[in-house]
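Read off the chains here:
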Amino acid sequence: MSRRRRLSAAVLALACAVACALGVLAAAPASAHDATTKAHATVTGTGADVRVVLDLEYDLLMKSAWLYAEAYDAKERAEQLRQLKKNHAAVVDYITRRFAVAYGDSPCTPTPVGDADVRTRDGVAFAVVTLAYRCAGDGDGGHTVSSAIFPDAESFVHSTQTIVGYTLDGTTGSAVLTAANPTLRVGEHRASHQVGEFFLLGAEHLLSGLDHVFFLLALLIGARRARDVVVTASAFTAAHSITFLLAALGIVHVPAGIVEPVIAVSIIVVAVANLLGRDEDRLGGWRLPIVFAFGLVHGLGFASALDIEEKGSWELLLSLLSFNAGIEATQLLIIAVLFPLLALLRRTSAAHWMTAAMSVPIVAVSLYWCVDRIALPL
C-alpha cells in the first residue's frame, strides 16, 4: 500500500472514530442533565427585606433533599408540582441550609413564599422556589449572598455554578458563584471580575451544548475555502448575537418547545446538504441565508442559559456581552483547530468518505434530538 493510501486510510479511520465518539456522547444526555448543572438566583430588596427566587434542576433538588424515587423520577409537570408541595418542608430545609443571605455581620432569616413552581430550561425541568429573607443588624458592610447548592460531595453532579442576578440597595449586577468562590459581596464585585466570569460561562455553555457544536461542525464539513468559513461563521455570529441579546433582555420570548426541536432540525438540514454535495456557490446561493436564519434560532438557545429577567436587564448588559464574547471566542477556537484538519483530509483520496463518515452520525443524533424534543412543553 502506498504512503498516500495509508495516510488516507488513517485519516478516514480517525474521522469515523471522532464522529462515532461524538454520537455516543451526544445521544445519551439529550433530555437529561449533564454531569454538571447551573442554579439560578434572582435576588432583590432593600435593607432588611430581601427576596430570592431560585431555579434548581428538579430531579437533582429532590435527590439532594434525600426524597424517595417517586419524587425525583416524576416527569409530568402536574406530578412534579404535587411532589414539591408534598415535600415542601424537606425542599426548603435543603435550600436554606445551602443558600444564605447576610446583612453586614448578621445572617438573614428565610421564610418560604407560596408553593414551588416548575418551568423548563433547555428541555430540563427546574423547580422555582421563592424565599423572603428578613435581615437584622445595621447593615454595615452591605449584603452578601452565598451558595453551596449541589456540591461535589453529594456526588450527583460536579462543578455546580450558581448564576446570581441582583438588585440590592440600588446596586444592580450579576455574578457566578462556585465552590471556589461561593460568596458575593454586593458593592465589591468589580466589573472586570464580572466580565471574566461570564466570558468563561459562555465558553463552557458552547462546549457543553453539543447541539451547537454539531451545527458548527456541520458547517465546517461543507466549507471548502477559508473565505467560506469566515463569511458563514460571521453570518452565524451576527444572527445568534441578535436573538441572544433580544431574548436575554426579555424583548423576545420563544418557548423551548419550539426552539429546541428547530435547533436539531438546523443541524439535520446542514448535515444532509453536505451528504448531497450542496456545497457550491455558497456565498450567492442558499447556504448563507439558511445559516443566518438558523443562527437566529441558536441565539434563543444560548439565551436560555441565563434567563435574565427584563427588569434591570440593561444594567446587566455587560454580563450578556461577556457571555456572548465567550461563545464567540470558543467558536473561533473550534474553527481554528478543525478547519485546517478538515482541509488536510480533503486533499486525500478519503475526502468523499470523510464527509459521509462525519455527516451521517450528526444526522442520526440530530434526528434523535428532534424527536425527543418535540415533546417539550410550550
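Structure's up top.
Not measured: the values here are computed from a predicted model.

Colleague: I'm lost on the pattern of salt bridges in this one. Help?
Modeller: Opposite charge on two side chains permits pairing when their charged atoms draw close. Across all of its chains, the model carries nine salt bridges by this definition. The closest approach of N and O atoms between Arg77 and Asp117, which form a salt bridge, is 2.5 Å. Taken together, the residues span a long stretch of sequence, with Arg77 in helix α4 (residues 77-86) and Asp117 in strand β6 (residues 117-121) at a distance of 40 residues. One salt bridge connects Asp93 with Arg97, and the closest N-O pair in it is separated by 3.1 Å. Highlighted residues: Asp93 and Arg97, both in helix α5 (residues 88-98), separated by four residues, approximately one helical turn. What makes Asp93 partly exposed here is its relative accessible area of 39%. Because the salt bridges share partners, they merge into one network encompassing Asp55, Arg119 and Arg121.

Colleague: It is not clear to me how the nonpolar core should be interpreted in this structure. Could you clarify?
Modeller: Side chains of a nonpolar character, in soluble globular proteins, are inclined to be buried together. By size, the foremost hydrophobic cluster in this structure holds 50 residues, and its most contacted members are Phe215, Phe323, Ile335 and Ile362. For this core, the elements supplying multiple residues, two or more each, are α6 (191-208), α7 (210-222), α8 (226-248), α9 (256-276), α10 (287-303), α11 (317-346) and α12 (351-373). Residues contacting Phe215, with those up to four places away along its chain left out, are Phe236, Ser266, Ile267, Val270, Phe294 and His298. Counting 42 residues, the second-largest nonpolar core is a separate cluster that includes Ala39, Val52, Tyr94 and Cys135.

Colleague: What is the right way to read a nonpolar patch on the surface from this model?
Modeller: A cluster of nonpolar side chains, Ile242, Leu246, Ile251 and Phe292, forms an exposed patch at the surface whose accessible area comes to about 320 Å². Looking at where Leu246 falls in the secondary structure, it is placed in helix α8.

Procedures and definitions
Residues numbered from 1 in each chain as written. Predicted model: local features only at pLDDT ≥ 70, side-chain atom pairs only at ≥ 80, totals over all residues. Heavy atoms only, no water. Salt bridge = Lys/Arg side-chain N within 4 Å of Asp/Glu carboxyl O. Helix = DSSP H or I, 4+ residues; strand = E, 2+ residues; numbered from the N terminus. Buried < 20%, exposed > 50% of the residue type's maximum accessible area, 1.4 Å probe, protein only. Core = buried A, V, L, I, M, F, W, Y, C linked by side-chain atoms within 4.5 Å. Contact = heavy atoms within 4.5 Å. Patch = residues over 30% accessible without salt bridge, like charges linked within 9 Å, V, L, I, M, F, W, Y side chains within 5 Å. Areas by Shrake-Rupley, 256 points an atom, 1.4 Å probe, with all protein chains shown as cover.

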